[in-house]
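Structural features, examined
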Amino acid sequence: MARFHSCFIHFFTFLFCTTLVSLCSSTLESDFSVIDSDSEAYLFHQDYSPPAPPPPPPHAPSVSCTDDLGGVGSLDSTCEIVADFNLSGDVYIAGKGSFYILPGIRFHCPIWGCSITLNISGNFTLGENSTIVTGTFELAAYNASFLNGSAVNTTGWAGDPPPQTSGTPQGVEGAGGGHGGRGACCLVEDGKLPEDVWGGDAYSWSSLQKPWSYGSKGGTTSKEVDYGGRGGGRVKMLIKELLEVDGSLLADGGDGGTKGGGGSGGSIHIKAQKMTGGGRISACGGNGFAGGGGGRVSVDIFSRHDEPKIYVHGGNSRGCPENAGAAGTLYDAVPRSLTINNHNLPTDTETLLLEFPYQPLWTNVYIRNSAKASVPLLWSRVQVQGQISVYGGVLSFGLAHYASSEFELLAEELLMSDSVIKVYGALRMTVKIFLLLNSKMLIDGGEDTTVATSWLEASNMVVLKGSSVIHSNANLGVHGQGLLNLSGPGDKIQAQRLVLSLFYSIHVGPGSVLRGPLENASSDAVTPKLYCELRGCPFELLHPPDDCNLNSSLSFTLQICRVEDITVEGLVKGSVVHFHRARTISVRSSGIISASGMGCIGGVGRGNFLDNGIGSGGGHGGKGGLGCYNDSCVQGGISYGNSELPCELGSGSGNESSTDSTAGGGVIVMGSLEHPLSSMSVEGAVRADGEGFEETVWQQEYSVSNGSSITPGGGSGGTVLLFLHALTLGESSILSSVGGYGSPKGSGGGGGGRIHFHWADISTGDVYQPIASVKGSIHARGGLGRKESCDGENGTVTGKACPKGLYGTFCAECPVGTYKNVTGSDSSLCYPCPTSELPNRAVYIAVRGGVAETSCPYECISDRYHMPHCYTALEELIYTFGGPWLFCLLLMGLLILLALVLSVARMKFVGVDELPGPAPTQHGSPIDHSFPFLESLNEVLETNRVEESQSHVHRLYFMGPNTFSEPWHLPHTPPEEIKEIVYEGAYNTFVDEINAIAAYQWWEGAIYTILSIVAYPLAWSWQQWRRRMRLQRLREFVRSEYDHACLRSCRSRALYEGLKVSATSDLMLAYVDFFLGGDEKRTDIPPRLPQRFPMAIIFGGDGSYMAPFSLQNDNILTSLMSQLVPPTTWYRLVAGLNAQLRLARRGRLRVTFRPVVQWLDTLANPALRMHGVRIDLAWFQAAPGGYHHYGLLVYSIEEESEPTSFGNTDGGVRTELLSSVKTTYMQNQSSYPREDARLNQGLPTREGFARRKRSYRGLIDTNSLQMLEEKRDMFYLLSFILHNTKPVGHQDLVGLVISMLLLGDFSLVLLSLLQLYSISLVDVFLVLFILPLGILLPFPAGINALFSHGPRRSAGLARFYALWNLTSLVNVGVVFLCGYIHYNIESSSKRNPNLQPWNINMDESEWWIFPAGLVLCKLFQSQLINWHVANLEIQDRSLYSNDFELFWQS
């Protein structure tokens, strides 16, 4: 309030003086005057404006063009000056016409102060190279033209300057005259500054808009002779329309030579509607020993098409070239701008800027090119409507030695480039944009506290660039609403107390500085007082005022207030640094916010000294280090302050009066209790370290040399107090309040300071966000003591007490497995969670906001386990039903129940077709010959097919197993039995066509190969389908497409008869039957059965599980055999033989053929002996791949008695029946010789039979079995699992057990998949798709087999089901592999010791239970399927009876 009262008194005094001056001016009818007082006269040193001149006298009558001027024409029409003319006095020329001065004409009035006035209504033209010389030239015309080389020259022809002005210097100093600017003076008295001395003073400020004053005369250096140059004259032009200036309009000051000062420039006033031309308009000061000041020029041109050269600079000073005369003024009336331009002439002389008009306001003020302008009047206000631009010049406010006034500067923009603004006193600046480029604003507040505070307000932006400086040795406030940008190195804003406020953003660029107080401040600077002896905390540090006004009573030395975003890449330094109501602060890697060494030299914790000058360290957060010498120690400074809310300055060495002293760290406060920072990011440094000495390990920003005998200890660290929401410390960041290091001569280290994080609004629970990311360094250690002295104690780093669940300085979440249910920051408050509440296979997890209760959250160790008990999906299922044992019992009961249901349903659905045991058929009932090897004797009807056999000639068997690699084929050479009824050439063609049709395409084999790898049962189905298609194609070809051209019988060719293709039901064996056509008229063909002996009958099948060996019994074979054997006996023999053959297995033929041979010897041949027939087992037709056909050799019993040796079994058997089934490659082999002779017609002789029988070297008996060659493939081992067995009966029971195992298998599959799902979904896909869905398909295949109609179809589907069951073992192997790999991985990792007993899970050694159970279940299924198939195919178990009577009587 007192300050405001003082300002009001000054302002009232100013108004009073101004009023007095106005009254005096009106009385004296002058333009401007000053108060006639000694003090004011001393202050302004003759700097005032002259009084207004008296009104001019009425003009004399106009002169005549011809009579008075020697011209041609009339002034009312056209007057031309055609010859040189010298005037002898003032002249007034007026008329209604035009006035022309022709080229090269001189129109002069060479008299000081002579006046030429032209007032014409027409045009004025000054011709080329014409000149007008006079003291005053005044022109009023419609248009005016000053052509090239022409000149209006008033230089040095001025009359007397206005009275009561001091433009002419006094004395013999040779100073320049003054007018628009002061004249220079080359002589400077001792103790004065160059700007304190000048020549002639400025005047006519009030008339600069319409200047009409003569320039002043320069001073002289001699009392006897006046060497001073005359002042410039006056030029006024009032042109109604166009002014063309290609010549010169001159009002320069006269030259004073080397002994006189230059005269000051005169006045030029031009007003026109339009102006063109690039001529010269000049009112410069004259050159001389000291240059004269510039004059005044005012132009009022509405439209300029060209820019003429206008000069108002001062004259050169020959006596002091560095100090030319001051620039004059150039006023442009249209934009209302004032320009002060010294044309880059160096000067220390100023151009005075006095009162600025308010109505209307000037728009712009330009100070350019080394011009120096000064606002000397106290309490002045400089206000313009546009910009103030200082380019390469100097603008001063006040007087250098009288810094006791306040100044106001109001503009839209203040632009500075390579310039300086000096303020002596205080400045109140209000602009929108303040830009500095390599410029300085220097504010000297002096010692007057009433003017100690300056305010700079820029509402839009303040930008410093190119080492620009704003400097104040008092208090400085910089305000704005936009951007404050210190762009780079050398840019500074510094003051004794500095406040930056209200900006949206502040950017402190690299190398730039914000500082308060000043470094090495002068003695007259306003010094802020620190609260060094205060133990408590100043109230404003915790609760600062919100107005952001600069208040010298507060403790802040540097405050940034109400700024949204602050970016620091340079240095921000102060004793008490405060950031108030800021949003974000970002300290980049090159940025530093420092209060290091800016605290107290003394203070509460000051150090102490021994008598020899060894000092101890200052104390603060920790005690100062002891200062010791020769076992004598002095205590360090005490520890003081509150660690929970510190705000104290660090203490120093304690010797304030000594130059060798150290200071403690200052205080850095960011935010406040009411307004914390939103976030702070630090990549650089925030320091409040104590001052130390050189040669320290940690480089301090401030250190002192130790050249005296006093060795003070290090200063203590200061305080860093942060009120904020979030903090980020980068990897290279430093946050420190470190004690200073002691002197190398031996002194104690300073104690560490205090750092405190006062977190605001710490979120908890689900909304918790980490409040700090700390990767950098935080130090509050004590300083290093030297020699015998001790280190300072460490300071404190603390944080606000954390809420529940959070702990530590940065309120982080309690570690996993702990909880915190109290408020505090100590890590010991995070208690371990009770282990009894943690389920098996669970681990504690981190939750947002930490754990605040004893029930600690956890999660299962893998996604395959499910909360809350961390069971697998399988275990959840098991424990849902009461645990493993009860689950197993329930599962078994459910399986039995479902199996019973399936069995009952099966009996209802298919039971009528599957009667267990032998079931005799009624005589005359039809027989299913499609399944002949299952027929018992009771199912055989005695039928006589002799009539069909009468036309049958021969049966030709296809060679090969009918696979994709070895298809069926016929030999090209016709057998002997059919040579009489076929044409051999046509037969070969027929064979080629048949073999081509029987061959498979490549893609069929490729699909088979792929399916064999992917799903073998499907490959078998594919092969059977293609075989069936191939057989159908062969039949269609022979029956309807082939023309039977190979047959000799015309009737057979005509009726498409005589050939018939058939195959066994397993499609492994095919044959072609040849019949007579009926027109052969041969009695020897077809041969009778005895004539066919020995006869071979080939078995179908290949001895595999899917195609067991079987004897195909068809009508032809039955009819042929019925010639010697009764059909009932033959059917019974076939059924018994097939029952034995189905037990034979390829790969184990040596073992499995032995019961067949024994059966033939004990049951078959004894029954056939009474019919004169014998059968033996033999092999036929060895293929290149090693494949053999097996069958029976049938011959007469009479021929058996012939003493013949069967020979070895390494040769092929050639029978009468099979003599035509020779292949080309077999015929070419040495091991297969041709028959030696053919059978004769009629009954064979004993000698011929013996010879034929000796050729059958493939007979198999008990002796030759061991020599039987057999080839084993990759599926040989599987024959031990899948093989044909004898029937066991109890078909319903077998079906029931199969149903149970099938359901159990499916249940185990689902449980295994559920178990694998607990491991990984990938494992489930592997199991399912290694063989696609192979592990699931046995169940539908089994259901289909169990519920199929007919024994034959049921048996086939059961075999298919068995294939799927066996194939699925591959998938079970994948289950084993996945479980084993997972178990080993789990075993190598940390095991949970608290697993519940009897857990069925993949983490324990019982992982194999389900896959092992599947293997056992599938093996049992395989055996039961074998029995089931046997029960279906052999419904008469007496077929396996070894009792001769029982077998043949059944």
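Provided above is the structure to which this section pertains.
Description of the structure in this document. Everything quoted here is computed from the prediction, not taken from an experiment.

Topic: the sheet that holds strand S9 (residues 131-133)
- Read across the sheet, 7 strands follow the order S3-S6-S9-S12-S15-S17-S19 without closing on themselves; strand pairing throughout is parallel. The open sheet has two edge strands with one neighbour each: strand S3 (85-86) and strand S19 (309-311).
- Sheet topology places strand S6 (residues 106-108) next to S9; 3 bridges connect them, and they run parallel. The residue of S9 that forms the bridge with arginine 106 is threonine 131.

A look at the environment of proline 971
- Inspection of the secondary structure assignment puts proline 971 in the loop between strand S67 (952-957) and helix H7 (984-998).
- Classification of proline 971 as buried rests on a relative accessible area of 1%.
- It is 9.2 Å that separates the C-alpha atoms of proline 971 and aspartate 992, two residues lying 21 residues apart in sequence.

Digging into the side chain of arginine 182
- Among the structural elements, arginine 182 can be located in the loop between strand S12 (151-153) and strand S13 (234-239).
- Residue classification places arginine 182 among the buried residues on the basis of a relative accessible area of 4%.
- A polar atom in the side chain of arginine 182 sits 3.1 Å from the side chain of aspartate 201.

A look at the sheet that holds strand S69 (residues 1070-1075)
- Taken in spatial order, the 3 strands make up an open sheet running S67-S69-S68, and their pairing is antiparallel. Both edges of this open sheet fall to S67 and strand S68 (1059-1063), since each of them pairs with a single strand only. Sheet twist, expressed as the mean angle between neighbouring strand axes with direction ignored, is 25°.
- With 5 bridges connecting them, S67 and S69 associate as antiparallel partners. In the strand pairing of S69, leucine 956 is matched with valine 1072.

Brief notes about the packing of aromatic side chains
- On inspection of all chains with the given rule, the structure shows 34 aromatic pairs.
- In this structure, lysine 236 is placed above the aromatic ring of tryptophan 212, and the distance from its NZ or CZ to the ring centre is 4.4 Å.
- One cation-aromatic arrangement involves arginine 1145 over phenylalanine 1280; the distance from NZ or CZ to the ring centre is 6.0 Å.

Here we look at the state of the cysteines
- As enumerated under the stated definition, the model contains 11 disulfides in all.
- Residue pairing for cysteine 65: its cysteine sulfur links by disulfide to cysteine 79, the two sulfurs lying 1.9 Å apart. The sign of the 90° torsion about the S-S bond sets the cysteine 65-cysteine 79 disulfide as right-handed. Taken as a pair, cysteine 65 in the loop between helix H2 (38-44) and strand S1 (72-73) and cysteine 79 in strand S2 (residues 78-81) lie far apart in primary sequence, 14 residues in all.
- Of the residues examined, cysteine 79 reaches a relative accessible area of 0% and is grouped as buried.
- A disulfide bridge connects cysteine 548 with cysteine 561, and the sulfur atoms are separated by 1.7 Å. Disulfide cysteine 548-cysteine 561: torsion about the S-S bond near -55°, hence left-handed. In this pair, cysteine 548 is assigned in the loop between helix H3 (539-542) and strand S39 (558-561) and cysteine 561 in strand S39, connecting sequence segments 13 residues apart. Residue cysteine 548 shares its accessibility class with cysteine 561, and that shared class is buried.

A word on the packing of helix H18 (residues 1291-1319) against helix H22 (residues 1409-1433)
- Viewed as axis vectors pointing N to C, H18 and H22 meet at an angle of 155°, and their least axial separation amounts to 9 Å. The angle between H18 and H22 falls in the class roughly antiparallel. In this structure, the crossing between H18 and H22 has a hand that is left-handed.

Some details on unusual backbone geometry
- Following methionine 867, the chain continues into proline 868 via a peptide bond in cis, with omega recorded as 5°.
- Of note, proline 868 is situated in the loop between strand S65 (865-866) and strand S66 (871-872).
- Here phenylalanine 1093 and proline 1094 are connected by a cis peptide whose omega angle stands at -15°.
- Within the chain, cysteine 811 stands out as a residue other than glycine whose phi angle is a positive 50°.
- With respect to the secondary-structure elements, cysteine 811 resides in the loop between strand S59 (806-807) and strand S60 (812-813).
- Given a relative accessible area of 0%, cysteine 811 falls into the buried group.
- Unlike most non-glycine residues, histidine 1290 shows phi in positive territory, near 50°.
- Among the secondary structure elements, histidine 1290 is positioned in the loop between strand S73 (1259-1260) and H18.

What counts and what doesn't
Residues numbered from 1 in each chain as written. Predicted model: local features only at pLDDT ≥ 70, side-chain atom pairs only at ≥ 80, totals over all residues. Heavy atoms only, no water. Pairing = 2+ DSSP bridges. Helix = DSSP H or I, 4+ residues; strand = E, 2+ residues; numbered from the N terminus. Buried < 20%, exposed > 50% of the residue type's maximum accessible area, 1.4 Å probe, protein only. Polar contact = N/O pair within 3.5 Å; in protein donor to acceptor, adjacent residues only side chain to side chain. Axes fitted to C-alpha atoms, helices over the stretch in contact; angles between N-to-C directions. Phe/Tyr/Trp six-rings, centres within 6.5 Å; stacked < 30°, edge-to-face > 60°. Lys NZ or Arg CZ within 6 Å of the ring centre and 35° of its normal. Disulfide = S-S within 2.5 Å. Parallel < 35°, antiparallel > 145°, perpendicular 65-115°, else oblique. Left-handed = near helix turned anticlockwise from the far one by under 90°.

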